[in-house]
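One-letter residues, chain by chain:
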Amino acid sequence: MKTLFSQHIARLQKVVQTLLENAFLEGLWVYSGKAKTLFLDDQNAPFKINPYFNYFFPYPQAENCWLFLDGKNKPKIYFYAPEDYWISTAEVPNNAFFAREFDWVIFKQDDEIAKFIQNPTACGFIGEDIELATHLGFSQINSQKVLNILNFERTIKSEFEIESIYQAQFSALAGHNTAKNAFFAGKSEFEINADYLIATKQSELNVPYGNIMAINQHGAVLHYTALDFDTTTPRHSFLIDAGTTVNGYASDITRTYAFDSTSEFAELIAKMEHFKLKIIDDLAVGVNYLHYHTQMQQMISQLLAEHQFIHLSAEQIFEEGVSRSFFPHGLGHFLGIQVHDVAGFQQTARGSRKAPPEVYPSLRCTRDLAENMVLTIEPGFYFIDMLLKPWKTHSLSSAFNWQKIEDFKRFGGIRTEDNVVIRPNGAENLTAKAQSLL
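Predicted model only: the values in this text are computed from it and were never measured. (Residues numbered from 1 in each chain as written. Predicted model: local features only at pLDDT ≥ 70, side-chain atom pairs only at ≥ 80, totals over all residues. Heavy atoms only, no water.)

A. Expanded view of the overall build of the protein. Regarding its fold elements, the protein presents 13 helices and 16 strands. Against the globule reference of 22 Å for 438 residues, the protein gives a C-alpha radius of gyration of 24 Å, in line with a compact fold. Principal-axis analysis of the C-alpha atoms places the extent of the protein at approximately 70 × 45 × 45 Å. Within the protein, buried positions represent 53% of all 438 residues. Taking contacts inside the protein between residues at least 6 apart in sequence as the whole, the part at least 24 apart equals 71%. Summed over all atoms, the accessible surface of the protein reaches about 19900 Å², with 52% contributed by carbon and sulfur. (Helix = DSSP H or I, 4+ residues; strand = E, 2+ residues; numbered from the N terminus. Rg over C-alpha atoms; globule rule 2.2 N^0.38 Å. Buried < 20%, exposed > 50% of the residue type's maximum accessible area, 1.4 Å probe, protein only. Contact = heavy atoms within 4.5 Å. Areas by Shrake-Rupley, 256 points an atom, 1.4 Å probe, with all protein chains shown as cover.)

And the structure:
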């Protein structure tokens, strides 16, 4: 990791030089952020680091810390290390693999940072606390020009970032296997989640996103996080969507299981897995992401016709938009420091954007694929009342096999998700690569 990070920070130094020249700034101050105090309370919400800070300094526990960047001199880290007996504070990572790439200043009081910030009106500020930035004298706060350059750069991952995401596959897959076994052992969603957290050595406070542990019809709620305690209801299916982080970079993996491995639902899962892998095999530099999403909609249309959920040809199912009610979300998204990483619609470093087409409003990426982009590929197939209801009064209603659809609602739905990096000769499946070594 040490060599890869040295290459990563050297690349970012060049990026900083460019953006400072373009924005007519002398330097850039990046604030890691601070945990928010809950309303009318003395407790804090869990701390979530400013992703731009983590981009340069891969230590997501670095609360209330600052970076100064000028693109020429070694980046300077102002690390907040208070003495406190009420709460545990982050360990100073001055022996970490990345430590020697920074000049270090340790400070113990919040207000000490003010004496280190020289000529703030000539520098940019990146961070959530605009009031603090204004108080410290900054005028160039979260400049859109600066953010556009950084966001566009973040979509092309360095080998350090790719390796961090790859390493995050292993712990997540171990947790997935534990959760799968817990489901088949009859445990509740709550218990399955607890087992996953233990297996991945995480708490609810530091998972990259809310774990989805959905049994039966709960799989039809795309971001289900309620966690039922029920162990008595007969089980038909299990959908798990959960990840882990390494150096602040996330994995995001989804699997679906049929309780009866001989059922038609199990057959549908196998076909969805096949569709996912086919799309991954086809991914290529220069092709727009929308092409693959459209291809998956056509595959879902084929599935609906073959399994007689809809008594129409696959072509008509697709053209009439029926498949969109069974696959309502996008094929995937950029993955990195943020699970839904930035700039999925941003086409250039200057900030031009391309919105998703009206028929696919949930699509999270409209970019042409480029080398070293990291994305998820996560097709879904669901039985969602809210989306199916309008078809009951539609002119095509008689083509729907409503009885079969009703029977399958107890399964909720199917989603399968891998994390891939785009290489010059196609996609490298990081999830499958890690799985092969377990």
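B. Quick peek at the pairing of strand E5 (residues 123-126). Every second residue of E5 is oriented toward a common face, with Cys123 and Phe125 on one face and Gly124 and Ile126 on the other, all of them buried. Here strand E1 (residues 27-31) runs beside E5; their pairing, made up of 4 bridges, is parallel. Bridge assignment links valine 30 to a residue of E5, and that residue is isoleucine 126. Bridge analysis of E5 against strand E6 (residues 140-141) gives 2 bridges, and the strand direction is parallel. Residue pairing for E6: phenylalanine 125 is matched across the bridge by isoleucine 141. In this region the chain leaves E5, passes through helix H3 (residues 130-135) and returns to the parallel neighbour E6; the handedness of that crossover is right-handed. (Pairing = 2+ DSSP bridges. Right-handed = clockwise from strand over helix to strand, strands pointing away.)

C. Geometry of the sheet that holds strand E11 (residues 253-258). Here 3 strands make up an open sheet; going across it, the order is E7-E8-E11 and the pairing antiparallel. The sheet is open, and its two borders are formed by strand E7 (212-215) and E11, each paired with just one other strand. Adjacent strand axes in the sheet meet at a mean angle of 5 degrees, parallel and antiparallel pairs treated alike. Two elements, E7 and strand E8 (residues 237-242), share 4 bridges in a ladder whose sense is antiparallel. Directly across from alanine 214, in E8, lies its bridge partner leucine 239. The sheet contacts of helix H5 (residues 159-184) involve E7, E8 and E11, and relative to E11 the element is tilted by about 20 degrees. Relative to the sheet, helix H6 (residues 189-200) contacts E7 and E8, its axis offset from that of E7 by approximately 145 degrees. (Axes fitted to C-alpha atoms, helices over the stretch in contact; angles between N-to-C directions.)

D. Region of the structure containing the layout of surface pockets. In this structure, the largest pocket encloses a volume near 1400 Å³. Residue lining of the largest pocket: 45 residues in total, with Pro46, Phe47, Lys48, Pro60 and Gln61 positioned closest to the centre. Listing elements by their share of the lining of the largest pocket, those giving two or more residues are helix H2 (51-56), strand E3 (76-80) and strand E9 (245-246). When its residues are assigned to classes, the lining of the largest pocket shows 22 nonpolar, 17 polar and 6 charged. Here the second largest pocket defines a volume of roughly 440 Å³. Split into classes, the residues belonging to the lining of the second largest pocket amount to 6 nonpolar, 9 polar and 5 charged. (1 Å grid on protein atoms, 1.4 Å probe; cavity = no way out; pocket = protein on both sides within 12 Å on 5 of 7 lines; lining within 4 Å. Points joined across faces, edges and corners; volume = space filled by probe spheres on them. Nonpolar A, V, L, I, M, F, W, Y, C, P; charged D, E, K, R; others polar.)

E. Representation of the packing of helix H1 (residues 2-23) against H5. Orientation of H1 relative to H5, taken along the N-to-C sense of each, is 130 degrees, at an axis distance of 7 Å. The angle between H1 and H5 places the two elements in the oblique class. On H5, the residues touching Leu4, Phe5, His8 and Arg11 of H1 are Glu159, Phe160, Glu161 and Glu163. By residue class, the composition of the contact of H1 with H5 is 3 nonpolar, 1 polar and 4 charged. (Parallel < 35°, antiparallel > 145°, perpendicular 65-115°, else oblique.)

F. Region of the structure containing the sheet that holds strand E12 (residues 374-377). An order of E12-E15-E16 is seen for the 3 strands of this open sheet, with the pairing classed as antiparallel. Sheet topology places E12 and strand E16 (426-429) at the edges, where each strand pairs with a single neighbour. If you compare each strand with its neighbour and ignore which way they point, the axes differ by 40 degrees on average. In the packing of helix H7 (residues 264-282) onto the sheet, the strands contacted are E12, strand E15 (418-423) and E16, and the crossing angle to E15 comes to about 15 degrees.

G. Representation of the UniProt feature "binding site: Mn(2+) 1" (unreviewed entry) in the protein within the structure. According to UniProt, the positions carrying the feature "binding site: Mn(2+) 1" (unreviewed entry) are Asp252, His333, Glu378 and Glu417. Spatially, the listed residues are clustered: although they cover 166 residues, their C-alpha atoms lie within 10.8 Å of one another. Within this annotated set, the second largest pocket is lined by Asp252, His333 and Glu378. Among the structural elements, aspartate 252 can be located in the loop between strand E10 (249-250) and E11. Since its relative accessible area comes to 3%, aspartate 252 is described here as buried. (UniProt positions renumbered as here; feature names shortened; annotations may be inferred.)

H. Spotlight on the UniProt feature "domain: Peptidase M24" (unreviewed entry) in the protein. When the UniProt feature table is mapped to this numbering, "domain: Peptidase M24" (unreviewed entry) covers residues 167-423. Overall, residues 167-423 shows 34% helix and 14% strand. The separation of its end C-alpha atoms is 18 Å.

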